[in-house]
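Okay, here's what each chain looks like letter by letter:
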Number of protein chains: 2
Amino acid sequence: MGSTLGRRLPVMADVAKEAGVSHQTVSRVLNDHPNVRSETRTRVLEAIDKLGYRRNLVARALVTKHSRTLGVVSFDTTLYGPASTVYGIEQAARAAGYFVSIVSLKSIDRAGVRDALDYLADQGVDGIVVVAPQRSAAEALADLPLGVPTVAVEGGEAGEVSVVCVDQVAGGRLATEHLLSLGHETVWHVRGPSDWLEAEGRVAGWRAALEEAGREAPRPLAGDWSPRSGYEAGRSLASMRNVTAVFVANDQMALGVLRAFTEQGVRVPEQVSVVGFDDIPESEFFSPPLTTIRQDFDAVGRHSIEVLVRQLEGGPQERERLVVPPTFVARVSTTRV
Amino acid sequence: MGSTLGRRLPVMADVAKEAGVSHQTVSRVLNDHPNVRSETRTRVLEAIDKLGYRRNLVARALVTKHSRTLGVVSFDTTLYGPASTVYGIEQAARAAGYFVSIVSLKSIDRAGVRDALDYLADQGVDGIVVVAPQRSAAEALADLPLGVPTVAVEGGEAGEVSVVCVDQVAGGRLATEHLLSLGHETVWHVRGPSDWLEAEGRVAGWRAALEEAGREAPRPLAGDWSPRSGYEAGRSLASMRNVTAVFVANDQMALGVLRAFTEQGVRVPEQVSVVGFDDIPESEFFSPPLTTIRQDFDAVGRHSIEVLVRQLEGGPQERERLVVPPTFVARVSTTRV
DNA sequence: TCGGATGTTGTTAGCGTTAACAATCAAGTG
DNA sequence: CACTTGATTGTTAACGCTAACAACATCCGA
């Protein structure tokens, strides 16, 4: 039991004196150096235990130049996607023996991302994961010569750095092809904000699937990921005669669409089929339960750390590009016409 | 433009040489020491700019004993509540000039919390915020002599440390009193897991409101916050004859309850009124839109940092207890009988 | 028995910064 | 004009750790 008096915390030298060895021997024990007599080792460990010694990682970082801390830059970790990704990153990082320092951006501008990166670099992180789903954030990675290994999540083509992402285009296709296979003439789309790469990818997949089937692509409706924007898009759609299938770019907006349809007396799936994107925990319990495209955020987080740690510990590597496939989840919001 | 060659990063001494001063003068400029001639200051700043110098915060932390980093321990930051709280904490911390290092716990046991705290203390954080909504986490704070100022969020009575929390009891009362005021004979309750302090508080508020009104409190139904557990509780409730009002301990479970009711042909609010808790962004678009109790997570995060920073910068203080009131949000899932 | 390889420990010198103190110089005071 | 005062700068010594090298004992084969 360490005394709680004003006494200063024990340092390596204190342990050394207690064990009757040099401080360097203590350091060797702590770092599992092979050449320490086992009898000496136990003596040192006992002294550590007795004094309640804890190694000062700051001093260690100063000399080793490694902090075993990774930085994470993300945007609005209140949203399910970013939150889940960051959670996956954090778990994977800890499993790999790293700490995680997080910066959640409020605004999305390039300068903000740059600041965050500088911020982390200053702090001495060994590597950085940037969850950069917006075009502007991805661009900020371009002017990034800061000597710290970096991985982008959802970072588009981002030139210099490795990228881990979900195949959004494939997801858009999955959703659209499913709806077409049910016999729908065409598929409407409520898209995400235009500066989000994910939104673009989903639009592209939707459009490609329609084209391949020889169908006309209607004009997509704009949304901003929020349930409210989905609600507004839903009201527009409900007022049109010929809408029988809608692919909504995320589950939250899909909820809004469902709500608008309910209010307008449009029945799902009897009159209109709806597909979402993300598979948030709630969507299974929407009315009706939502067919959607699942993103494995956990895998994305895990992979991003794998790639980063590989770069950290394996020296300079080829930059990688890792794509996680989305999966289709069938529920009752879609049925054969 | 700093060269990208293998050249080592510039240090204070390099700046000093470039500006023709001592490294200590550079340090003074960086720390806004008053006694530096303005002409010298500009010369130093120019040198810093020219060399692209960035101060090494690790070395600084070693000598000052302050890292300007705060630790945050939380449980499952995938959930809306914790995610929002942590987000609020992070924003407030950054505004106060602190970095944030986060540990998201997967399991809730006491040992896990202890480990996380040690982890952060080792890393040299100046202070710690523990988002400790479970009894076990709160208890882990008891054996916490680690010399680092700590604030608990939702930490119950937690003996030694300051606490910031939402008044859960008041929230439970608000929900229950609202339902009673609509004319319901009694109010059923779907509660959260028993080791969560928040769940207990809501139960207590619900029970108190019923007692004051002289009503019998039915046996609460158990849930685990998930929509699925709400769904199951909802099926039970739907099979009973005499249920006209339900207070559900969070919005996600309320979604499950609504789903179960819809499936069983129980109409909300015509036959049964439902109140949730949290006011997640989705609940306004449930079918029907959910009456709920809003928690200001942002304020909780902000206050916790305020309290912590006060302790950090003002020296040892009285431990504080700050309670944030919840607010009532009326929507269509409740109506007069 | 000796030279060299190997195992084990200690000594010394940083890492890049701030703190404490010393030194210098100009300005004001009696 | 000598003498204190305050502003400005430099010098030196930590902070607590690891790396590099030196020192010594031990063991092996020739």
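Residues numbered from 1 in each chain as written. Chains lettered and ligands numbered in written order. Predicted model: local features only at pLDDT ≥ 70, side-chain atom pairs only at ≥ 80, totals over all residues. Heavy atoms only, no water.

## Quick word on the protein's contact with DNA strand C
Step number 1: Around DNA strand C, 27 residues are found, and the nearest of them are Arg-28 and Thr-40 of chain A together with Met-12, Ser-27 and Tyr-53 of chain B.
Step number 2: Backbone sugar and phosphate groups make up 59% of those atoms of DNA strand C lying within 4 Å of the protein.
Step number 3: In the environment of DNA strand C, a base oxygen lies 3.5 Å from a nitrogen or oxygen atom belonging to the side chain of His-23 of chain A.
Step number 4: Note that a base oxygen of DNA strand C is positioned 2.5 Å from one of the side-chain N or O atoms of Arg-28 of chain A.
Step number 5: Secondary-structure elements contributing two or more residues to the surface near DNA strand C are helix 2 (23-30) and helix 4 (57-64) of chain A together with helix 2 (23-30) and helix 4 (57-64) of chain B. (Near = heavy atom within 4 Å. Polar contact = N/O pair within 3.5 Å; in protein donor to acceptor, adjacent residues only side chain to side chain. Helix = DSSP H or I, 4+ residues; strand = E, 2+ residues; numbered from the N terminus.)

## Brief notes about the environment of Ala-19 of chain A
Residues and elements named next belong to chain A.
Step number 1: Its place among the elements puts Ala-19 in helix 1 (residues 12-19).
Step number 2: The exposure class of Ala-19 is buried, given its relative accessible area of 5%.
Step number 3: Distance in space between the C-alpha atoms of Ala-19 and Ala-47 is 5.6 Å, their sequence separation being 28 residues.
Step number 4: In contact with Ala-19, not counting residues within four places along its chain, are Arg-43, Val-44 and Ala-47. (Buried < 20%, exposed > 50% of the residue type's maximum accessible area, 1.4 Å probe, protein only. Contact = heavy atoms within 4.5 Å.)

## A word on the packing of aromatic side chains
Step number 1: Applying the stated criterion to the full structure yields twelve aromatic pairs over all chains.
Step number 2: Seen in terms of ring centroids, Phe-247 of chain A and Phe-277 of chain A are 6.2 Å apart; in terms of plane orientation they differ by 40 degrees. Their pairing is tilted. Placement of Phe-247 of chain A in strand 8 (residues 245-248) and of Phe-277 of chain A in the loop between strand 9 (273-275) and strand 10 (292-294) is noted, with a sequence separation of 30 residues between them. Neither residue differs from the other here; Phe-247 of chain A and Phe-277 of chain A are each classed as buried.
Step number 3: Residues Phe-285 of chain A and Tyr-231 of chain B carry aromatic rings whose centres are separated by 5.5 Å and whose planes lie at 50 degrees to one another, so their mutual orientation is tilted. Note that Phe-285 of chain A is positioned in the loop between strand 9 and strand 10 and Tyr-231 of chain B in helix 10 (residues 227-238), a pairing that runs across two chains. The burial state of Phe-285 of chain A is the same as that of Tyr-231 of chain B; both residues are buried.
Step number 4: Put simply, the rings of Phe-75, Trp-196 and Trp-225 of chain A touch in pairs and so form one group of aromatic residues.
Step number 5: Geometry around Tyr-98 of chain A places Arg-68 of chain A over its ring, the cationic atom sitting 4.3 Å from the centre. (Phe/Tyr/Trp six-rings, centres within 6.5 Å; stacked < 30°, edge-to-face > 60°. Lys NZ or Arg CZ within 6 Å of the ring centre and 35° of its normal.)

## Considering the interface of chain B and chain A
Step number 1: In this complex, chain B contributes 49 residues to the contact, which on the side of chain A involves 49 residues.
Step number 2: Each partner contributes to the roughly 4,500 Å² buried at the junction of chain B and chain A, and carbon and sulfur atoms together form 57% of this total.
Step number 3: Together, Tyr-87, Tyr-119 and Phe-285 of chain B form the three largest contributors to the area buried by chain B at its contact with chain A, with a combined 15%.
Step number 4: Run the count over chain B and chain A and you get four salt bridges.
Step number 5: Run the count over chain B and chain A and you get 22 residue pairs in polar contact (both at pLDDT 80 or more).
Step number 6: Counting only elements with at least two residues in the side of chain B that touches chain A, the list comes to helix 4, helix 5 (80-95), strand 2 (99-105), helix 6 (110-123), helix 10 and helix 11 (251-263) of chain B.
Step number 7: Here the side of chain B that touches chain A is built from residues that sort into 24 nonpolar, 13 polar and twelve charged. (Buried area = accessible area lost by both parts, 1.4 Å probe. Salt bridge = Lys/Arg side-chain N within 4 Å of Asp/Glu carboxyl O. Nonpolar A, V, L, I, M, F, W, Y, C, P; charged D, E, K, R; others polar.)

## Describing the domain arrangement of chain A
When the parts come together, some accessible area is lost, and that loss is often what is quoted as the size of the interface.
Step number 1: Once the domains are mapped, chain A shows domain 1 (12-55), domain 2 (65-166 + 297-324) and domain 3 (168-295).
Step number 2: One C-alpha centre belongs to domain 1 of chain A, the other to domain 3 of chain A, and the line joining them spans 63 Å. (Domains from an automatic or database assignment.)

## Points about the pairing of strand 5 (residues 162-166) of chain B
Residues and elements named next belong to chain B.
Step number 1: Judged by how many residues are buried, strand 5 sits mostly within the fold: five of five residues are covered.
Step number 2: Neither face of strand 5 is open: one carries Ser-162, Val-164 and Val-166, the other Val-163 and Cys-165, and all of them are buried.
Step number 3: Across three bridges, the pairing between strand 4 (residues 150-153) and strand 5 is parallel. If you follow Val-151 over to strand 5, its bridge partner there is Ser-162.
Step number 4: Bridging between strand 5 and strand 11 (residues 321-324) involves four bridges; their strand directions are parallel. Each residue of the ladder has a partner; that of Cys-165, found in strand 11, is Val-323. (Pairing = 2+ DSSP bridges.)

## Points about the protein's contact with DNA strand D
Step number 1: As a matter of local geometry, DNA strand D sits amid 27 residues, with Met-12, Ser-27 and Tyr-53 of chain A together with Arg-28 and Thr-40 of chain B nearest to it.
Step number 2: Near-protein atoms of DNA strand D (within 4 Å) split between backbone and bases, with sugar and phosphate holding 59%.
Step number 3: A distance of 3.1 Å is found between a phosphate oxygen of DNA strand D and a side-chain nitrogen or oxygen belonging to Arg-55 of chain A.
Step number 4: One of the backbone N or O atoms of Ser-22 of chain B is found 2.7 Å from a phosphate oxygen in DNA strand D.
Step number 5: Residue assignment for the surface near DNA strand D shows that the elements contributing at least two residues are helix 2 and helix 4 of chain A together with helix 2 and helix 4 of chain B.
Step number 6: Among the elements that line the surface near DNA strand D, the one with the most residues is helix 4 of chain A, at five residues.
Step number 7: Classifying every residue of the surface near DNA strand D gives ten nonpolar, twelve polar and five charged.

## Points about the pattern of salt bridges
Step number 1: Counted under the stated rule, the structure contains 36 salt bridges over all chains.
Step number 2: In this structure, the salt-bridge partner of Glu-90 of chain A is Arg-94 of chain A, at a minimum N-O distance of 3.2 Å. One end of the pair is Glu-90 of chain A and the other is Arg-94 of chain A, both in helix 5 (residues 80-95) and four residues apart, which spans about a single turn.
Step number 3: For Glu-200 of chain B, the salt bridge identified is with Arg-191 of chain B, shortest N-O distance 3.4 Å.

## Things to note about the relation of the copies chain B and chain A
Step number 1: Mapping chain B onto chain A leaves a residual RMSD of 0.1 Å; the transformation is a rotation of 180 degrees accompanied by 0.0 Å of translation along its axis. What we have between these two chains is a two-fold relation. Residues of chain B ranked by C-alpha distance from the rotation axis are headed by Ser-101 of chain B, positioned 2.2 Å from it.
Step number 2: Both copies share a contact surface, since 100% of the interface residues of chain B are interface residues in chain A too. (Least-squares fit on C-alpha atoms with pLDDT ≥ 70 in both.)

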